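Examining the three-dimensional arrangement
Chain by chain, the residues:
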Amino acid sequence: MARSKAKKVEKQPEKQPEVMNTSIAADDGPSTSSGVSRSLILLPIFFGIGVMILVEAYRIRLMAINDFGPVIHEFDPYFNLRATEYLYEHGAKKFFQWFDYMSWYPL
């Protein structure tokens, strides 16, 4: 009798898909840290830019005081109310030709 030999098929473990390393630190060459050195460089730069923006904003706000002295010129809520009422009642054309005689103007 001829005996047929059944081959045992061994199941091979499934291969995991390869994941590409897309980190920025991998392209930096001999650097072994993963982005830490880059953040240590960028943090002071961003901080310096932020400080420069704040200083310039402060200088812009103080420009009127540097030019005209410590007198509040821009804050007059009653003028703003009168101007708004005049604009509403007479329109934009007359508003831009209007002179407010109730306001105080320095000589």
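Quick note: structure is the one above.
Conventions we followed
Residues numbered from 1 in each chain as written. Predicted model: local features only at pLDDT ≥ 70, side-chain atom pairs only at ≥ 80, totals over all residues. Heavy atoms only, no water. Helix = DSSP H or I, 4+ residues; strand = E, 2+ residues; numbered from the N terminus. Buried < 20%, exposed > 50% of the residue type's maximum accessible area, 1.4 Å probe, protein only. Areas by Shrake-Rupley, 256 points an atom, 1.4 Å probe, with all protein chains shown as cover. Expected span 1.5 Å × (residues − 1). Arc of directions from axis to C-beta. Salt bridge = Lys/Arg side-chain N within 4 Å of Asp/Glu carboxyl O.

Secondary structure summary: the chain contains 4 helices and 0 strands in total. In the chain, the order of α-helices and β-strands from amino to carboxyl end is α-α-α-α. For the chain, buried positions account for 7% of its 107 residues. Summed over all atoms, the accessible surface of the chain reaches about 11,400 Å², with 64% contributed by carbon and sulfur.

Here we come to helix H3 (residues 77-90). Relative to the 20 Å expected for 14 residues at 1.5 Å per residue, H3 spans 20 Å between its end C-alpha atoms, a close match to the ideal helical length. Three or more residues of H3 are buried, namely Arg-82, Ala-83 and Tyr-86. One side of H3 carries all its buried residues, which in axial view fall inside an arc of 100 degrees. Across H3 from its buried face, at more than 90 degrees, point the exposed residues Thr-84 and Tyr-88. The positive-phi residue at the C-terminal boundary of H3 is Gly-91, with phi of around 95 degrees.

Taken as a whole, this structure holds 2 salt bridges when the rule is applied. Between Glu-56 and Arg-59 there is a salt bridge, with the nearest N and O atoms lying 2.9 Å from each other. Remark: Arg-59 and Glu-56 occur in helix H1 (residues 36-61); sequence separation between them is 3 residues, near one turn of the helix. Judged by relative accessible area, which is 37%, Glu-56 ranks as partly exposed.

Let us look at the environment of Tyr-78. For Tyr-78, the position within the fold is in helix H3. The exposure class assigned to Tyr-78 is exposed, which follows from its relative accessible area of 59%. For the pair formed by Tyr-78 and Met-102, sequence separation is 24 residues and the distance between their alpha carbons is 9.9 Å.

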